[in-house]
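One-letter residues, chain by chain:
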Amino acid sequence: MPPVHISEWRKLPLSLTDLCIETTLRCGQSFRWRKINDEWNCVLYGRLLSLKQEKSHLHYRVISPKTIPAAIAPPVSPGNESEDYSADNTEALLKHYFSLKHDLSALYDQWSESDANFRKKAPKFTGIRILSQDPWEALIGFICSSNNNISRISQMVHKLCKYYGPLIGSIEDEAFHDFPTPQALSGKKVEAHLRELGFGYRAKYIAETARIVSEERPEGWLQSLVNPENPGWPVTSIAKSTDQPTYRDAHEQLLLLAGVGPKVADCVCLMGLGWGEAVPVDTHVWQIAQRDYKFGKVKTKTFSKAMYDSVGDHFRKIWGRQAGWAQSVLFTANLKSFSEQASGKAEVVEVKVEVEKVETDASADEPAPRSRKRSRIAVVETVKVENHTSTENRRSSRKRRMVMD
């Protein structure tokens, strides 16, 4: 492995209402973050990031090669070829990745004013932000999401990085790779290998889309679909032209790729291309639309284009230009993995209390010294712990020793 640079822990002033990584990194946006010893870890643009959070700050550390390989360095816009990507711009990267330029509290207030259902559920799910991910990674990650769950998607994406992405570093003997390039996934044997790894029909879609992007589309094609108001990484000034992309243009272009339907295209638009108005509609969102917004009475797992568009348009009318952000909050609240947080119920915790009982055995012949017999009694108490935030520790334990004469 090449020589690496390991930074000290640094911090960004950031409250849990501005960003909650415990929720944002687990709600089905990115599938590469792994938690080790209460720290979230992932490779972004050739550097291994570790994050941890407390109430007022986001703490971060970075492990990176002394030079970032060209294959995984961010694309350079014309006129910026001389920029040094080995410089430590990690803070800028984090601000970009977590979309910190948006005032999340103001957005929550806006959505709460226009939507009673959001106003009811949002207080238990503060700090959820839409990630500004690499478009290529978002595209392949969400192709893997077809008829899948978050755990299995994460396993698939991990395999893609392990077998086709460059190794960047390791934490406690656990290797971390960057995301593979389109060229790395377009080889003739990729599809067969992915099928062996358990990707099923998605193997063909991944290999074919990689081939199209690397061989049939011009260089920088995906980046050309990025919302000019939310430019990709690295953030550079983009010259205005009469041929600026729109959300609808980007969505239609993505639909031409293998394995990309309306939902996958909207996921990529929202989380990879910066189009905040994109509203991905899957079975969870359809359930929300029917249950909470009285939207139709048809029970179905498939949607016609008219049905799909009508749900997205309905939410865009309620929530405005950042409708996809508001949708992600309600989507998270609807996931089973966040059911306790959504209900706000107190968690029942068993607390084991150890009591040490000491008995005195006095001797008539030797009154001064006393021998003691000790016995240990275990008492189990049941207590309730209220859940106030998504990042507080919800389990507690205590041990108590008592001497009884």
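In case you missed it, the structure is sitting above this.
Residues numbered from 1 in each chain as written. Predicted model: local features only at pLDDT ≥ 70, side-chain atom pairs only at ≥ 80, totals over all residues. Heavy atoms only, no water.

**Brief notes about the packing of aromatic side chains**
For any pair of aromatic rings, the description consists of the separation of the ring centres together with the inter-plane angle of the planes.
No. 1: Inspection of every chain in the model, using the stated rule, returns 13 aromatic pairs.
No. 2: Between the aromatic rings of Tyr45 and Trp233, the centroid separation amounts to 6.5 Å while the plane-to-plane angle is 45°, which identifies the pairing as tilted. Linking Tyr45 in the loop between strand E4 (39-44) and strand E5 (47-54) with Trp233 in the loop between helix H8 (202-216) and helix H9 (247-254), this pair joins segments that are 188 residues apart in sequence. Of the two residues, Tyr45 and Trp233, both sit in the buried class.
No. 3: One aromatic cluster is present, formed by Trp33, Tyr97 and Phe98 through successive ring pairs.
No. 4: Between Arg34 and the ring centre of Phe176, over which it is positioned, the NZ or CZ distance is 3.9 Å. (Phe/Tyr/Trp six-rings, centres within 6.5 Å; stacked < 30°, edge-to-face > 60°. Helix = DSSP H or I, 4+ residues; strand = E, 2+ residues; numbered from the N terminus. Buried < 20%, exposed > 50% of the residue type's maximum accessible area, 1.4 Å probe, protein only. Lys NZ or Arg CZ within 6 Å of the ring centre and 35° of its normal.)

**Topic: the pattern of salt bridges**
No. 1: Tallied over the full model, the rule gives 14 salt bridges.
No. 2: The partner of Glu215 in a salt bridge is Arg211, with the nearest N and O atoms 4.0 Å apart. Taken together, the residues span about one helical turn, with Glu215 and Arg211 both in helix H8 at a distance of 4 residues.
No. 3: The class of Glu215 is exposed, set by a relative accessible area of 54%.
No. 4: Residue Arg316 is joined to Asp313 by a salt bridge in which the shortest nitrogen-to-oxygen separation is 3.0 Å. Residue Arg316 and its partner Asp313 are both found in helix H12 (residues 305-319); the two are separated by 3 residues, about one turn of the helix.
No. 5: By relative accessible area, Arg316 is classed as buried at 16%.
No. 6: Judged by its relative accessible area of 38%, Asp313 falls in the partly exposed class.
No. 7: Among the charged side chains, a network of salt bridges with common partners joins Glu208, Arg211, Glu215 and Glu216. (Salt bridge = Lys/Arg side-chain N within 4 Å of Asp/Glu carboxyl O.)

**Notes on unusual backbone geometry**
No. 1: With an omega of 0°, the peptide bond between Trp233 and Pro234 qualifies as cis.
No. 2: Inspection of the secondary structure puts Pro234 in the loop between H8 and H9.
No. 3: We note that Glu172 has phi near 50°; this positive angle belongs to a residue other than glycine.
No. 4: Topologically, Glu172 is positioned in the loop between strand E7 (167-171) and strand E8 (174-177).
No. 5: For Glu172, a relative accessible area of 58% gives the class exposed.
No. 6: You will see that Asp173, though not glycine, has its phi angle at about 70°, which is positive.
No. 7: Within the fold, Asp173 resides in the loop between E7 and E8.
No. 8: Residue class for Asp173 comes out exposed when judged on its relative accessible area of 81%.

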